[in-house]
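Notes for the structure review
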Amino acid sequence: MVSKRIVLHFPHRLVNQPIVYKLVKEFDLQFNILKAYVTPQEEGLMVLELSGKKENFDKGVEYLGSVGVKIQPLSQDVIRNETKCTDCGACVPICPTGALVVDTHSRKVHFYDNKCIACELCVKVCPTRAMEVRF
Amino acid sequence: MRTIKEINAKIKKGEVVVVTAEEVIDLVRKKGIKKAAEEVDVVTTGTFGPMCSSGAYFNIGHSKPRIKIGGGGCKINDVPLYTGFAAVDVYLGATAIPDDDPRNKVFPGEFKYGGAHVIQELASGKDVRLEASAYGTDCYPRRKLETLINIKDMNEAVLFNIRNCYQNYNVAVNLSDKMIYTYMGTLRPNAGNANYCSAGQLSPLLKDPYYKTIGIGTKIFLGGGIGYVAWQGTQHNPTAPRKDNGVPKVPAGTLAVIGDLKQMKPEWLVGTSMLGYGVTLTVGIGVPIPVLNEEVLGYAALRDEELYAQVVDYGTNYPQLIPGSLGEVSYAQLKSGKIKVQGKDVPTGALSSYSKAREISEELKSWIEKGEFTLTEPVAHLPQADSGYAPKLLNERPIV
């Protein structure tokens, strides 16, 4: 079994196609939609947690690529600007997945990007706007 | 036991013993108050939190021909300044925002740029855009001015914060069923989080709870440079209720601080945006506490476990000015990551950076050890706990 959080960028022409349905039907993959939106006249974006057997997962990803969906691992999308972060901790209780945690000794805030689901709650809550989104 | 004069002599000779307000805790635990007081000359404190009553005044120099900005208008990077002074003196408040900022029209407003950000940019040495308008007089005929300006070209650029360094603060929760956006951060409904804002055992006024050493004229670390305590801060409340150990259990004393902005650093004066609330300046302050006697050291060695704050509902009680505490928690509990509020575990978040407060206390310690920073004798006391000095609420009266 593999389980990965990925970001899918749908070009304009694919926005009204049932792409994710095919991942389930033909590749037996499970998905959990973390975020989805379509910008008018532009493209669709979906953040998914995708899991299944390794070979099915790989085939599913290959399928996505073949139809023109651009795939990006999630961890690159929300990043912390280290020069702006003051390690205050205002983001910590807001983060729903525990990706932002205060270290008990250094009292610095750690960002575990593998736990991040790109909900972006921290982005505006951060007093120095140190959390940045790069979809 | 020792005087500030004696401590300064030791600083000059390079013999001074300085510990931070964190290090002193272990030292006193190991050696006892008496022995530790014999050894330690100075305890350094630190705090790095958002402080809205911050600002800076500038004298920008006279233009040719002359302009009288006083009574006119002035903006830096579109942020309006106060102009009710003489020709080229202006004051910039940390919370000022451009006229065309949407504020909370699209709620919650983002407040991305304001006076605090201008102060940070000036401290970093960046050029800023200054615009001024005036009504014109015989002696100051000019009516319009637009120029780039740099802090190094100003005659004076002085940080003057009329309330900073709060001695203790509320722990904010939201008992309503809607998300709220406050100066204490974003508060989730039904007490979803509890936000606090104090460095606790590193915080200057918590470690000198009766203002025995900190007074008017005390030299401090301010925004990465040197500053002074100018006065008690606004809303100074020395008569607030205290615990048996003497430390206020609610927001109490405050300081007004002043210093030359030109020698301050942008990493210690950070423009800050509170979602749905506004712009504020996060200010780094460090205050040295001279160990004049065992009593002073006893206070300076207080631990997070001995310092308490009140949990306050910002959903209804705070905005409606309904007094009351939902309970008392120690800074040790707050730093554990969760507290109990009405029987429920609530995760905590801090607005004041403890790791930066620690850096400040260490930086100030190194300045003193290197002989770059000597201590000052306060020229006058702050209003004391027995002074009767206390803030009042506004008494609204109809205008007839």
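Just so it is clear, the structure is predicted and the values come from calculations on it, not from any experiment. (Residues numbered from 1 in each chain as written. Chains lettered and ligands numbered in written order. Predicted model: local features only at pLDDT ≥ 70, side-chain atom pairs only at ≥ 80, totals over all residues.)

1. Observations regarding the overall build of chain A
- In terms of regular secondary structure, chain A is built from three helices and eight strands.
- Ordered by position from N to C terminus, the α and β elements of chain A give β-α-β-β-α-β-β-β-β-α-β.
- Relative to its 135 residues, chain A shows a buried fraction of 32%.
- Contacts in chain A between residues far apart in sequence, at least 24 positions, make up 65% of those at least 6 positions apart. (Helix = DSSP H or I, 4+ residues; strand = E, 2+ residues; numbered from the N terminus. Buried ≥ 20, exposed ≤ 12 C-beta atoms within 10 Å, placed from the backbone. Contact = placed C-beta atoms within 7 Å.)

2. Considering the overall build of chain B
- The helix and strand inventory of chain B stands at six helices and 24 strands.
- For 400 residues, the compact-globule formula gives about 21 Å, and the C-alpha radius of gyration of chain B, at 22 Å, lands near that figure.
- Relative to its full complement of 400 residues, chain B shows a buried share of 49%.
- Sequence separation of at least 24 residues holds for 73% of the intrachain contacts in chain B that already meet a minimum separation of 6. (Rg over C-alpha atoms; globule rule 2.2 N^0.38 Å.)

3. Digging into unusual backbone geometry
All names here are of chain B.
- Cis peptide bonds are those with omega within 30 degrees of zero, and the linkage from Lys64 to Pro65 qualifies with -5°.
- For Pro65, the position within the fold is in the loop between strand E4 (55–59) and strand E5 (73–76).
- The peptide bond linking Phe107 to Pro108 adopts the cis configuration, its omega dihedral lying at -10°.
- A positive phi angle, near 50°, is found at Phe111, a position not held by glycine.
- With respect to the helices, strands and loops of the structure, Phe111 is situated in the loop between strand E7 (89–93) and helix H3 (115–123).
- At Ala191, a position not held by glycine, the phi torsion is positive, near 50°.

4. Things to note about helix H2 (residues 54–67) of chain A
- Taking 1.5 Å per residue, 14 residues should reach 20 Å; H2 of chain A reaches 20 Å between its end C-alpha atoms and fits that length.
- One or two residues past the end of H2 of chain A sits Gly68 of chain A, with phi positive at roughly 110°. (Expected span 1.5 Å × (residues − 1).)

5. A look at the domain arrangement of chain A
Residues and elements named next belong to chain A.
- What the domain assignment reports for chain A is domain 1 (2–76) and domain 2 (78–135).
- Each of domain 1 and domain 2 has a C-alpha centre, and these two points are 26 Å apart.
- Counted by class, the side of domain 1 that touches domain 2 contains five nonpolar, two polar and two charged residues. (Domains from an automatic or database assignment. Nonpolar A, V, L, I, M, F, W, Y, C, P; charged D, E, K, R; others polar.)

6. Here's the deal with the sheet that holds strand E1 (residues 2–10) of chain A
Residues and elements named next belong to chain A.
- If you walk across this open sheet you meet the four strands as E2-E3-E1-E4, and the pairing is antiparallel. Sheet topology places strand E2 (30–38) and strand E4 (70–73) at the edges, where each strand pairs with a single neighbour. Taken over all neighbouring pairs, the strand axes of this sheet differ in orientation by 25° on average, direction set aside.
- Pairing of E1 with E4 involves four bridges; the strand directions are antiparallel. Within E4, the position partnered with Leu8 by the bridge is Ile71. (Pairing = 2+ DSSP bridges. Axes fitted to C-alpha atoms, helices over the stretch in contact; angles between N-to-C directions.)

7. With respect to the sheet that holds strand E20 (residues 288–290) of chain B
Residue and element names in this part refer to chain B.
- Strand order across the open sheet formed by three strands is E1-E2-E20, with mixed pairing between neighbours. One side of each edge strand has no neighbouring strand; the edge strands of this open sheet are strand E1 (18–20) and E20. If you compare each strand with its neighbour and ignore which way they point, the axes differ by 25° on average.
- Pairing geometry for E1 and strand E2 (residues 42–44), over three bridges, is parallel. If you follow Thr20 over to E2, its bridge partner there is Thr44.
- Lying on the sheet, helix H2 (residues 23–39) is in contact with E1 and E2; it crosses E1 at an angle near 110°.
- Along the sheet, helix H6 (residues 354–369) makes contact with E1, E2 and E20, crossing E1 at roughly 175°.

8. Quick notes on the interface of chain B and chain A
- At the junction of the two partners, chain B supplies 25 residues and chain A supplies 17 residues.
- Of all the secondary-structure elements, those providing two or more residues to the side of chain B that touches chain A are strand E3 (47–51), strand E13 (185–187), strand E18 (269–274), strand E24 (344–350) and H6 of chain B.
- Looking at the side of chain B that touches chain A residue by residue, the class counts come to nine nonpolar, 13 polar and three charged.

9. Structural notes on the confidence of the model for chain B
- Here chain B shows a mean pLDDT of 98. Residues at 70 or above account for 100%.
- Reported for the predicted complex are a pTM of 0.93 and an ipTM of 0.94. (pLDDT = per-residue confidence, 0-100.)

10. As for the environment of Lys4 of chain A
All names here are of chain A.
- Within the secondary structure, Lys4 is located in strand E1.
- Lys4 gets classed as partly exposed once you count the C-beta atoms within 10 Å, which come to 15.
- Separated by 44 residues in sequence, Lys4 and Leu48 place their C-alpha atoms 8.1 Å apart.

11. Observations concerning the environment of Glu38 of chain B
Residues and elements named next belong to chain B.
- Note on placement: Glu38 falls in helix H2.
- We classify Glu38 as partly exposed; it has 14 C-beta atoms within 10 Å.
- In the structure, Glu38 is positioned 348 residues away from Asp386 in sequence and 30 Å away in space, judged by C-alpha atoms.

12. With respect to the pairing of E3 of chain B
Residues and elements named next belong to chain B.
- Burial within E3 is extensive, with five of its five residues counted as buried.
- Relative to strand E19 (residues 278–286), E3 runs antiparallel, the two sharing five bridges. Residue pairing across strands places Pro50 opposite Thr282, the latter belonging to E19.

13. Looking at the packing of helix H1 (residues 19–27) of chain A against H2 of chain A
Residue and element names in this part refer to chain A.
- Between H1 and H2, the least distance of the axes is 10 Å, while the angle of their chain directions is 145°. Considering only the axes of H1 and H2, their crossing is right-handed. From H1, Ile19, Lys22, Leu23 and Phe27 reach across to H2, where they touch Asn56, Lys59, Gly60, Tyr63 and Val67. (Left-handed = near helix turned anticlockwise from the far one by under 90°.)

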